[in-house]
Amino acid sequence: MAEQNMRLDADEQVFFDNQLALVKSRTYDVEHKALKALSLLPVSTEQDPGATHIIWRSYDKVGMAKIIADYANDFPRADIAGVEHSSPVKDIGVSYGYSVKEIRRAQKAGVALDSKRAEAARRAIDEKQDSIAWKGDAKAKLPGFWNAEGITEYVAANNADGTSKAWAKKTADEIVADFAGLVSAGPESTNGIEQPDTVILPLSLYLKLQNTPYGSNHNKTVLGFIRENFPQISRIDWVADLATAGAGGTSRVVAYARDPLKVEVQIPQRFEQMAPQLTGMVYDIPCLQSTGGTIVYYPMSVVFCDGL
């Protein structure tokens, strides 16, 4: 039974504590460029780490002024109407660990503990957070960005032959027309109130823009033309999961305002590593991060188009 609860002695514990501090510092510094949600969407960490729900309210102004007569006492009343919304906060968890014998072998050999397990744990947390930020988690009732309730759909026209709206079967001019329609849909439907500044696409469509020649002399690409002629769009980027994010597993392209007043990824508690816990002969280090998904405060600021 004693073997099943083997503990480190004092010197070994000091070695483990020092090594674990180094391992933890490395995992906080790890960055993964392919996980883009937290760079392409505003992030809020303002909520209390102990919160179980995030509450926010949307307001609309009501009332209309009118011409009134002298001595009138029937002034129309202006007011605000508010709707309360709620989103749950959930923990994302994973762990890594080292056996007692591994720690003793590392101490005896004078080598550092392998940090790859800790980095794998951090990567697992980051991947789950990225997925939730983009598409939510239906089982946990966490909202996502590109399938948020109430966002606007733009339906692209078919190509000249009338056979497809996929960019693979469209000319460069038709692709530019689709892009113009996508980024104009929000302003047109809101009388100019909502103005997108960011467009995200599947990688294949981003490469299509990047590699398709444009102009009478083919001296630029479609992407280059778009950057020059749509200056309000400050960022165009790709997100791998958009390849199947549309209806029926089709592609999805999204235009939106990258503005924390419009949309925010909710992370009340950033990545955190807890104290080691001895289970049998293994010191286990639990890792946590809490998330409230992505809240789109103004759904009409987001426009999507499927099937391109």
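Refer to the structure presented above.
Summarised in this report is the structure supplied together with it. Fair warning: this is a prediction, and the values are worked out from it, not measured in the lab.

### Concerning the sheet that holds strand E5 (residues 152-153)
Note: strands within a sheet are paired through backbone hydrogen bonds, in either parallel or antiparallel orientation.
Step number 1: In space, the 5 strands of this open sheet follow the order E5-E16-E10-E6-E9, with mixed pairing throughout. Looking along the sheet, the strands with just one partner apiece sit at the ends: E5 and strand E9 (235-238).
Step number 2: Pairing analysis gives 4 bridges linking strand E6 (residues 198-201) to E9, with the strands arranged parallel. The partner of Leu201 across the bridge, within E9, is Trp238.

### A look at the pairing of strand E16 (residues 302-306)
Step number 1: The buried fraction of E16 is high, at 5 of 5 residues.
Step number 2: On E16, burial covers both faces: Val302, Phe304 and Asp306 on one face and Val303 and Cys305 on the other are all buried.
Step number 3: For E5 and E16, the ladder comprises 2 bridges, and the chain directions are parallel. Residue Thr152 lies in a different strand from E16, and its bridge partner there is Val303.
Step number 4: Of the pairings in the sheet, the one linking strand E10 (residues 252-256) to E16 comprises 5 bridges and is antiparallel in character. Paired with Val253 across the bridge in E16 is Cys305.

### Here we look at unusual backbone geometry
Step number 1: The backbone phi angle of Lys141 is positive, close to 60 degrees, even though this residue is not glycine.
Step number 2: Positionally, Lys141 belongs in the loop between helix H4 (116-135) and E5.
Step number 3: Overall, Lys141 belongs to the exposed group, its relative accessible area being 66%.
Step number 4: Positioned with a positive phi, Asn191 is a non-glycine residue whose angle comes to about 55 degrees.
Step number 5: Relative to the elements of secondary structure, Asn191 occurs in the loop between helix H5 (172-189) and E6.

### Quick word on helix H3 (residues 100-109)
Step number 1: Within the sequence span of H3, burial applies to Val100, Ile103 and Ala106. Buried residues in H3, looked at end-on, bunch into an arc of 130 degrees, giving them a common side. Opposite the buried face of H3, by more than 90 degrees, sit the exposed residues Arg105, Lys108 and Ala109.
Step number 2: Following H3 by one or two positions, Gly110 adopts a phi angle in the positive range, close to 70 degrees.

### A word on the packing of helix H6 (residues 203-211) against helix H7 (residues 222-229)
Step number 1: One can describe the packing of H6 onto H7 by two numbers: an axis separation of 4 Å at closest approach and a directional angle of 85 degrees. In terms of axis orientation, H6 runs roughly perpendicular to H7. Here H6 contributes Tyr206, Leu209 and Gln210 to the contact with H7, which in turn contributes Val222, Leu223, Ile226 and Arg227.
Step number 2: Counted by class, the contact of H6 with H7 contains 5 nonpolar, 1 polar and 1 charged residues.

### Describing the environment of Asp197
Step number 1: Looking at the element boundaries, Asp197 is found in the loop between H5 and E6.
Step number 2: With residues near it in sequence (within four places) discarded, Asp197 still touches Gln232, Ile233, Ser234, Arg235, Tyr256, Ala257 and Arg258.
Step number 3: A polar contact of 2.8 Å, which involves the side chain of Asp197, links it to the side chain of Thr198.

### Some remarks on the side chain of Glu174
Step number 1: When you line up the elements, Glu174 lands in helix H5.
Step number 2: Within the buried set, Glu174 has no salt-bridge partner at all; the shortest N-O distance to an opposite charge, 6.2 Å, is to Lys170.
Step number 3: A distance of 2.8 Å separates the side chain of Glu174 from the backbone nitrogen of Thr171, its partner in a polar contact.

### Some points on the pattern of salt bridges
Step number 1: Evaluated as defined, the whole model comprises 11 salt bridges.
Step number 2: Salt-bridge contacts for Lys170 lead to Asp178; the nearest nitrogen and oxygen are separated by 2.6 Å.
Step number 3: Accessibility expressed as a relative area gives 8% for Lys170, which makes it buried.
Step number 4: With a shortest N-O distance of 3.0 Å, Lys262 and Glu194 are connected by a salt bridge. You can see Lys262 sitting in the loop between E10 and strand E11 (263-266) and its partner Glu194 sitting in the loop between H5 and E6, a full 68 residues away along the chain.
Step number 5: Residue classification places Lys262 among the buried residues on the basis of a relative accessible area of 15%.
Step number 6: The class for Glu194 is buried, based on a relative accessible area of 6%.
Step number 7: Within this structure, Lys36, Arg235 and Asp237 form a network of salt bridges that share partners.

Reading the values: the criteria
Residues numbered from 1 in each chain as written. Predicted model: local features only at pLDDT ≥ 70, side-chain atom pairs only at ≥ 80, totals over all residues. Heavy atoms only, no water. Pairing = 2+ DSSP bridges. Helix = DSSP H or I, 4+ residues; strand = E, 2+ residues; numbered from the N terminus. Buried < 20%, exposed > 50% of the residue type's maximum accessible area, 1.4 Å probe, protein only. Arc of directions from axis to C-beta. Axes fitted to C-alpha atoms, helices over the stretch in contact; angles between N-to-C directions. Parallel < 35°, antiparallel > 145°, perpendicular 65-115°, else oblique. Contact = heavy atoms within 4.5 Å. Nonpolar A, V, L, I, M, F, W, Y, C, P; charged D, E, K, R; others polar. Polar contact = N/O pair within 3.5 Å; in protein donor to acceptor, adjacent residues only side chain to side chain. Lys, Arg positive; Asp, Glu negative; His and termini not counted. Salt bridge = Lys/Arg side-chain N within 4 Å of Asp/Glu carboxyl O.

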